[in-house]
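Descriptive analysis of the structure
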Amino acid sequence: MGPIEIKPDIYWVGVVDWNLRNFHGYSRTKQGTTYNAYLMIDDSITLFDTVDWKYREEFMCQIAQIVDPEKIDTLVVNHVEPDHAGSLPYIVDRIKPKRILCSKMGQKFIQGRFHATDWPVEPVSNEQTVRLGRRSVQFLETRMLHWPDSMVSFIPEERLLISQDAFGQNIASSERYDDWIDWSELKSEMAHYYANIILPFSAKVPKAVQKIQELGWDIDMIAPDHGLILKEHVADAIQAYLEFAEQKPTPKAVIFYDTMWRTTEKMAEALASGLSKNDISVKLYHLKSWHHSDVMNQVWNCAAVLGGSPTHNNNVLPLVADMLTYMQGLRPKHKIGFGFGSYGWSGESPKIIHSWLGKMGMELPVEPFAQLHAPTHEEYQKLHQVADKLAETIHALVAKHGG
Ligand code: FEO
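Keep in mind it's a predicted model, so treat the numbers as computed, not measured.

1. What to know about the overall build of the protein
Counting its secondary structure elements, the protein contains twelve helices and 21 strands. Here the protein has a C-alpha radius of gyration of 24 Å; the compact-globule value for 403 residues is 22 Å, and the two agree. The C-alpha extent of the protein, read off along each of the three principal axes, is 80 × 40 × 35 Å. When each of the 403 residues of the protein is scored for burial, the buried share is 57%.

Listed below in C-alpha cells is the structure:
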C-alpha cells in the first residue's frame, strides 16, 4: 500500500503485514497487522516511528515517494519495541537524522537494544513541546502503555494524536481508516489487542485519559502504530479503553481445558450446560484448538474462569500450565475461579488450577471438582449442582462489580 496523506502534509508511510500470526511473540492475530509510521513535511521534516526490521526496505520506499529520505532531520521514537523501532539501525544509517527524539527511558532502551554510541539521541521531557515549523508536537509519557519508554505525540495544529501501541488493532487491510468497518468488529479487535498487551497496566489508562483532558488536547484523529487510523471512532475508542480498563464483569464464564481421553472435556461441557441453564453466557476453549490470546479476549469482561485438566504425572497438562502462566501475567480483575478435572489415581490437577486462579486474586467460592475415572449419571448431576452454585456467585459478583 502506498503512502496516504492523513492530514495536510502528514503521511502514513507504514507497511501492511498481511500474513502475520505471531504478534509481539505471544499473541495471535487473525487478520495480520500493520506497522504504522507517519511523516510530517514542515520546516523540520519529521518521521514518527519506524517499522519492523523485515520491512525496512519497503519502508524506505514508502518515504521516498514523499520526500528524499535524507531530508528527514527529526526522528521521533515513541516506543522502542522492535515492531516499531526494529528498523532504526538501517533508517538512521540511511537518513542520518539531525536528532532522534524519545523519552528519557527511551534513550536507555535505544542504547540497550542497539548499542549505538553515535546516534544524535535527544531525550524530551514529559509534556515538552517541540516546534517543527508551522506545526509543533507535544509529547506525553505513557509509561507501561506499553513499555516504560512509551510516549505519545500530539500535533495540536492538526488535532492529531500519534499513539504508538495504544488504540492499536491487528487488522491488515488496504483501507487505512476506520470508516469501512463496523464499530463492533473494530472494538472486538481493539479488545483482543488490549486484553493481550495492555491489560496488566489497566490502572494507568484512566490516568492517561485524564491527563490528556487536563492538557486540553482536542483530538479528532488517533493514529496508532498498528491497524486502522481512527477518525470516525475517536470518542468511541477512548470510551472503549476506559471500559476495558475497568474490567467490569458481565454474566459470562470462560471455560478452558485440555483433555486426554475426553473425560475432562465432558466435564467442561456439563459445566457449560449447567451455567447456561442459569443465564450465564459461556465460552468454551479446548486449548488444543485455541490460542491462549483468544481465551484472554473473553476473559477481560467475564465473571468466572473455569480451568480443567486431567491429572498427568501429578500435575496439569502442559497447555493448561501455559494458559495459567499467561493469564497470571495479564492480571485479570473481578473474577471467580474454579478448577476441575478427571484422574485415575492421584488427582492433583483440579486443586493446582484452583490454587493458581486464587493466586491471581480470583474468588474461590466453590471447592475444586476432581472426578475419579469416568463420571456416572449421578456425577454429571453433581457437576450441574456445582454450576448452579457458581452461577449464583457469578450473578452476585456482577451485581457487585458489573456495569
Ligand atoms: Fe507494538 Fe509494544 O509494540
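2. Here's the deal with the packing of aromatic side chains
Counted according to the given criterion, the structure contains 14 aromatic pairs. A centroid spacing of 5.2 Å and a plane angle of 50° characterise the contact between Y194 and F244, whose relative ring orientation is tilted. Here Y194, found in helix α5 (residues 183–197), pairs with F244, found in helix α7 (residues 234–246); they are 50 residues apart in sequence, far enough to count as distant. The residues Y194 and F244 share a single accessibility class, namely buried. Ring centres of Y241 and F244 lie 5.9 Å apart, and the angle between their planes is 55°; on these two criteria the pair is classed as tilted. Taken as a pair, Y241 and F244 lie in helix α7 at a separation of three residues, close to a single helical turn. Each of the two residues, Y241 as well as F244, counts as buried. Aromatic rings pair up to connect F167, Y194, Y241, F244 and W300 into one cluster. Just above the ring of W53 sits the side chain of R56; from NZ or CZ to the centre is 3.9 Å.

3. What to know about the sheet that holds strand β21 (residues 369–372)
Pairing is parallel across the open sheet formed by five strands, whose spatial order is β18-β17-β19-β20-β21. Only two strands of the sheet have a single partner each, and these edge strands are β18 (281–286) and β21. Between one strand axis and the next, the sheet turns through 15° on average, direction left out of account. By the bridge criterion, five bridges tie strand β17 (residues 252–257) to strand β19 (residues 304–308) in an arrangement that is parallel.

4. A look at the pairing of strand β1 (residues 4–7)
Note: β1 against strand β2 (residues 10–12), three bridges, orientation antiparallel. Across the sheet, the residue bridging to K7 is I10, located in β2. Counting the residues that bridge the hairpin from β1 to β2 gives two residues, and of these D9 lies at a positive phi of roughly 65°.

5. Quick notes on α7
The end-to-end C-alpha separation of α7 is 19 Å, in line with the 18 Å expected for 13 residues at 1.5 Å each. When we look at burial in α7, the residues that qualify are V234, A237, A240, Y241, F244 and A245. For α7, the buried positions fall inside an angular range of 135° around the axis, keeping them on one side. When the buried face of α7 is taken as reference, the exposed residues oriented beyond 90 degrees from it are A235 and Q239.

6. Some thoughts on the pattern of salt bridges
For the coordinates displayed, the defined rule picks out 19 salt bridges. Among the salt bridges present, the one from D258 reaches K288, with a minimum N-O distance of 2.6 Å. Residue D258 is located in the loop between β17 and α8 (263–277), and its partner K288 is located in the loop between β18 and α9 (292–299); the two are separated by 30 residues in the primary sequence. On the basis of relative accessibility, which here comes to 53%, the residue K288 falls in the exposed class. Among the salt bridges present, the one from R262 reaches E269, with a minimum N-O distance of 3.8 Å. Given the relative accessible area of 38%, R262 is considered partly exposed. A relative accessible area of 36% places E269 in the partly exposed class. Several salt bridges converge on common partners, so that one network encompasses K7, R159, D218 and D220.

What counts, and at which threshold
- The numbers attached to residues start from 1 for each chain and follow its sequence in the written order.
- In keeping with the predicted nature of the model, local features appear solely for residues at pLDDT of at least 70, side-chain atom pairs appear and are counted solely at 80 or more, and the whole-chain, interface and lining totals rest on all residues.
- The basis for the side-chain values is all heavy atoms of the structure; hydrogens and waters are excluded.
- In this text, helices come from DSSP runs of H or I with a minimum length of four residues, and strands from runs of E with a minimum of two, each type numbered from the N-terminal end.
- Just to be clear, the radius of gyration here is over C-alpha atoms, and the globule rule we use is 2.2 Å times residues to the power 0.38.
- The buried label applies to any residue whose accessible area, calculated with a 1.4 Å probe on protein chains only, is under 20% of its type's maximum; exposed applies above 50%, and partly exposed to all values in between.
- For Phe, Tyr and Trp, where Trp contributes only its six-membered ring, two rings pair if their centres lie within 6.5 Å, and the inter-plane angle classes them as stacked under 30 degrees, edge-to-face over 60, or tilted in between.
- Here, a charge over a ring is recorded when the distance from Lys NZ or Arg CZ to the ring centre is within 6 Å and its angle to the ring normal is within 35 degrees.
- Pairing between strands is defined by DSSP: at least two bridges between the two strands are required.
- To obtain an axis, a line is fitted to C-alpha atoms, over the contacting stretch when the element is a helix, and the angle between two such axes runs from 0 to 180 degrees between their N-to-C directions.
- By this rule the span expected of a helix is its residue count minus one, scaled by 1.5 Å.
- Here the arc refers to the set of directions running from the helix axis out to each C-beta atom.
- A carboxyl oxygen of Asp or Glu within 4 Å of a side-chain nitrogen of Lys or Arg is what we treat as a salt bridge.

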